[in-house]
Amino acid sequence: MKPSHQIRTLFDENQIARRNQEMAQAIVAASSPDLLVVAVLKGSFMFAADLIRALHRVDAAPQVEFIHLSSYGTGTVSSGQVTVLRDIESEVVGRDVLLVDDILESGRTLSFAKDLLMARGARRVLVAVLLEKKSRRAVQIEADFVGFTCPDMFVVGYGMDVAHSFRQLPFVGVVAHGAAEPDLFDDRTR
Ligand code: IMP
Ligand code: MG
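Please read all numbers here as calculations on a predicted model, not as lab measurements.

**Student:** Got a sec to walk through helix 2 (residues 45–57)? Specific residues and values, please.
**Tutor:** Between the first and last C-alpha of helix 2 there are 19 Å, a value that for 13 residues agrees with the 18 Å anticipated at 1.5 Å per step. Listing the buried residues of helix 2 in full gives Met46, Phe47, Ala48, Leu51, Ala54 and Leu55. Where the residues of helix 2 are buried, they touch helix 1 (13–30), strand 2 (36–41), strand 5 (96–104) and strand 6 (124–132). Just beyond helix 2, the residue with positive phi is Asp59, at close to 70°.

Written out as structure tokens, the structure is:
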């Protein structure tokens, strides 16, 4: 396991907590009371856990589900082929759904998930992401709620990984040059 001192912090714990609470307020204002939150595994697990508790603090009582999607790619670039590894169990017909993910990058993952849920009859699919990399978009999709704009760098922590390392960090950071073995960036499931 790589020690956390090799990570340069981009967004610290306090910044993230404050932003999560602001996002929760905006989400409650924009959605219906019977909201279904769908967290996109794996990268969103920590953000989703905090965002859900932030929603509770503003008196929301969403149902919570999980979908495990993977995009396979070489190195740190996703190929765009999205696969459902584990699906949600709930019916979404006529419901407001909030997709929660860690990063909106090419947009392929969230676009796939949004299309899937809309095709199943969701009334509305909103999207909340912790981070948005604006310059990397390959498909047309906008997030309704964005935590932070992310510089065009590969980030880790707060659920996000390189080959399953660094997810445990309570903040978002960048792996310092030379801190990670090159093979960490080989093909992987995100
Ligand atoms: P997209 O389909 O290209 O939008 O890819 C988004 C997914 O790629 C996110 O859900 C993350 O799991 C992963 N991802 C994109 N950029 C990063 C990064 O900088 N660090 C870790 N994972 C990333
Ligand atoms: Mg992901």
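**Student:** I'd like to hear about the site of ligand 1, residue by residue, with values.
**Tutor:** In the vicinity of ligand 1, 15 residues are found, and the nearest of them are Asp102, Ser106, Thr109, Lys133 and Val155. Residue Thr109 places a side-chain N or O atom 2.6 Å away from an oxygen atom belonging to ligand 1. Between ligand 1 and the protein, one listed contact pairs an oxygen atom with a side-chain N or O atom of Lys133 at 2.8 Å. When the free accessible area of ligand 1 is taken as 500 Å², the share hidden by the protein chains comes to 96%. Those elements that provide at least two residues to the shell around ligand 1 are strand 5 and helix 3 (108–119). It is strand 5 that contributes the most residues to the shell around ligand 1, three residues altogether. Considering only residue class, the shell around ligand 1 consists of four nonpolar, four polar and seven charged.

**Student:** Just give me the short version of the sheet that holds strand 8 (residues 155–156), but keep the residues and values in it.
**Tutor:** Strand order in the open sheet formed by three strands is 1-9-8, and the pairing between neighbours is antiparallel. Two strands in the sheet have a free side with no partner beyond their single neighbour: strand 1 (7–11) and strand 8. Where strand 1 meets strand 9 (residues 172–175), four bridges bridge the pair, whose relative direction is antiparallel. Residue Ile7 lies in a different strand from strand 9, and its bridge partner there is Val175.

**Student:** Account for the packing of helix 1 against helix 2, naming residues and giving values.
**Tutor:** Where helix 1 contacts helix 2, the axes come no closer than 8 Å and their chain directions differ by 60°. Classified by the interaxial angle, the pair formed by helix 1 and helix 2 is oblique. Classified by chirality, the crossing of helix 2 by helix 1 is right-handed. Counting all contacts with helix 1, which are made through Asn20, Gln21, Met23, Ala24, Ile27 and Val28, the residues of helix 2 involved are Phe47, Asp50, Leu51, Ala54, Leu55 and Arg57. By residue class, the composition of the contact of helix 1 with helix 2 is eight nonpolar, two polar and two charged.

**Student:** Can you explain the environment of Ser44? Please cite residues and give values.
**Tutor:** Along the polypeptide, Ser44 turns up in the loop between strand 2 and helix 2. The class for Ser44 is buried, based on a relative accessible area of 0%. Through-space distance from the C-alpha of Ser44 to that of Val100 is 6.7 Å; in sequence the pair is 56 residues apart. If we skip the residues at most four places from it in the chain, Ser44 touches Ala39, Val100, Asp101 and Asp102.

**Student:** Residue-level account of the confidence of the model for the chain, with values.
**Tutor:** The pLDDT averaged across the chain works out to 90; a share of 85% of its residues lies at or above 70. For the stretch residues 186–190, pLDDT sits under 50, and the model shows 24 contacts to residues farther than four places along the chain or on other chains.

**Student:** An account of the pairing of strand 2 is needed here, citing residue identities and associated values.
**Tutor:** Summarising burial for strand 2: five of the six residues are buried, a large majority. By the bridge criterion, four bridges tie strand 2 to strand 5 in an arrangement that is parallel. Along strand 5, the bridge assignment pairs Val37 with Leu98.

**Student:** Can you tell me about the pattern of salt bridges, naming the residues and giving the values?
**Tutor:** Counting across every chain of the model gives 12 salt bridges. Ionic pairing is found between Arg95 and Asp34, a salt bridge with its closest N-O pair at 3.9 Å. One end of the pair, Arg95, is in the loop between strand 4 (77–86) and strand 5; the other, Asp34, is in the loop between helix 1 and strand 2, with 61 residues separating them in the sequence. When its relative accessible area of 40% is taken as the criterion, Asp34 is described as partly exposed. With its nearest N and O atoms 2.8 Å apart, the salt bridge here joins Asp50 to Arg53. A residue pair is termed a helical-turn pair when its members lie 3 or 4 positions apart in one helix, as Asp50 and Arg53 do in helix 2 at three residues. With relative accessibility at 24%, the residue Asp50 sits in the partly exposed group. Here Arg53 falls in the partly exposed class, since its relative accessible area comes to 47%. What emerges from the salt-bridge pattern is a single network uniting Asp96, Arg123 and Arg124.

Reading the values: rules and limits
- Residues numbered from 1 in each chain as written.
- Chains lettered and ligands numbered in written order.
- Predicted model: local features only at pLDDT ≥ 70, side-chain atom pairs only at ≥ 80, totals over all residues.
- Heavy atoms only, no water.
- Helix = DSSP H or I, 4+ residues; strand = E, 2+ residues; numbered from the N terminus.
- Expected span 1.5 Å × (residues − 1).
- Buried < 20%, exposed > 50% of the residue type's maximum accessible area, 1.4 Å probe, protein only.
- Contact = heavy atoms within 4.5 Å.
- Near = heavy atom within 4 Å.
- Polar contact = N/O pair within 3.5 Å; in protein donor to acceptor, adjacent residues only side chain to side chain.
- Areas by Shrake-Rupley, 256 points an atom, 1.4 Å probe, with all protein chains shown as cover.
- Nonpolar A, V, L, I, M, F, W, Y, C, P; charged D, E, K, R; others polar.
- Pairing = 2+ DSSP bridges.
- Axes fitted to C-alpha atoms, helices over the stretch in contact; angles between N-to-C directions.
- Parallel < 35°, antiparallel > 145°, perpendicular 65-115°, else oblique.
- Left-handed = near helix turned anticlockwise from the far one by under 90°.
- pLDDT = per-residue confidence, 0-100.
- Salt bridge = Lys/Arg side-chain N within 4 Å of Asp/Glu carboxyl O.

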